[in-house]
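Examining the three-dimensional arrangement
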Amino acid sequence: MNLPIAPPAFDATTGPRSRHRADRGADIGAGCALVLLELIALVVVFGLWALSGFTLDPAGTARTDSLWNYLTAAGGIGLLALVAAAIAARAGAVVTVVAQATMAALICVIVVAGAAAQSHQDRWCRDMPAAAGCEGHG
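Residues numbered from 1 in each chain as written. Predicted model: local features only at pLDDT ≥ 70, side-chain atom pairs only at ≥ 80, totals over all residues. Heavy atoms only, no water.

**Some words on the side chain of D27**
Tracing the chain through its elements places D27 in helix α1 (residues 24-51). R24 provides the closest opposite charge to the buried, salt-bridge-free D27, at an N-O distance of 4.0 Å. Reaching out from D27, the side chain makes a polar contact with the backbone nitrogen of V95 at a distance of 2.9 Å. Apart from the residues within four sequence positions on either side, D27 is in contact with A93, V94, V95 and T96. (Helix = DSSP H or I, 4+ residues; strand = E, 2+ residues; numbered from the N terminus. Buried < 20%, exposed > 50% of the residue type's maximum accessible area, 1.4 Å probe, protein only. Lys, Arg positive; Asp, Glu negative; His and termini not counted. Salt bridge = Lys/Arg side-chain N within 4 Å of Asp/Glu carboxyl O. Polar contact = N/O pair within 3.5 Å; in protein donor to acceptor, adjacent residues only side chain to side chain. Contact = heavy atoms within 4.5 Å.)

So this is what it looks like as structure tokens:
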């Protein structure tokens, strides 16, 4: 006996609007690797800033550089984190999206706090140029 065959039901996994998720293992690996690379880049940027005030001359005065250029570099790292989050969202890599959005938010907080601190230092040295740490500031 031949029974009639029903037409196939709608399948959302095929066609031009098919949605797929990235492999969970690759997603976790990419998210962790990107966070690690961004943390290394931040350590290098702010390590260079800290080393700018290091001198081996006992008679010399050690003074760190202005933070503005280093904050710009950190902001660039944050921008790359946002781009990585957007690409991961398009690929369906949820873990990477969360990790990159968290890193972008963390970097934003660091940049805002650093800008506030450097602005305060600039204002302090403009008002009292003879204050400690202000020699040659500008």
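Structure shown, so let's carry the discussion forward.
**Quick word on helix α3 (residues 94-127)**
In a regular helix each residue adds 1.5 Å, so 34 residues correspond to 50 Å; α3 covers 49 Å between its end C-alpha atoms and thus fits that length. For α3, the full list of buried residues reads T96, A99, Q100, M103, A104, I107, G114, Q118 and C125. The secondary structure elements touched by the buried residues of α3 are α1 and α2 (68-91). (Expected span 1.5 Å × (residues − 1).)

**What about the packing of α2 against α3?**
Direction vectors running N to C along α2 and α3 enclose 160 degrees, while the axes themselves pass 8 Å from each other. By the angle between their axes, α2 is roughly antiparallel relative to α3. The hand of the α2/α3 crossing is left-handed. (Axes fitted to C-alpha atoms, helices over the stretch in contact; angles between N-to-C directions. Parallel < 35°, antiparallel > 145°, perpendicular 65-115°, else oblique. Left-handed = near helix turned anticlockwise from the far one by under 90°.)

**Some words on the nonpolar core**
L42, I77, M103 and I107 are the most contacted members of the largest nonpolar core, which has 13 residues in total. If you list the elements that add at least two residues to this core, you get α1, α2 and α3. The dominant element in this core, judged by the number of residues it contributes, is α2, at 5 residues. Excluding residues within four positions of it along the chain, L42 makes contact with A74, I77, M103 and I107. (Core = buried A, V, L, I, M, F, W, Y, C linked by side-chain atoms within 4.5 Å.)

**Regarding the packing of α1 against α3**
A pair of packed helices can be characterised by two numbers: the angle between their axes and the separation between those axes. The interhelical angle for the contact between α1 and α3, taken along N-to-C directions, is 15 degrees, at an axis separation of 7 Å. Taken together, the axes of α1 and α3 are roughly parallel relative to one another. In the crossing of α1 with α3, the sense of the turn from one axis to the other is right-handed. Together, R24, D27, I28, A30, G31, L34, V35, E38, L39, L42 and F46 of α1 and V94, V95, T96, A99, Q100, M103, I107 and I110 of α3 make up the contact between the two elements. Here the residues of the contact of α1 with α3 are counted per class, giving 13 nonpolar, 3 polar and 3 charged. (Nonpolar A, V, L, I, M, F, W, Y, C, P; charged D, E, K, R; others polar.)

**Description of α1**
The end-to-end C-alpha distance of α1, which contains 28 residues, comes to 40 Å, matching closely the 40 Å that a straight helix rising 1.5 Å per residue would cover. The set of residues buried in α1 consists of D27, G31, V35, E38, L42 and V45. Buried-residue contacts for α1 involve α2 and α3.

**A look at the environment of V112**
Within the element layout of this structure, V112 appears in helix α3. Residue class for V112 comes out exposed when judged on its relative accessible area of 53%.

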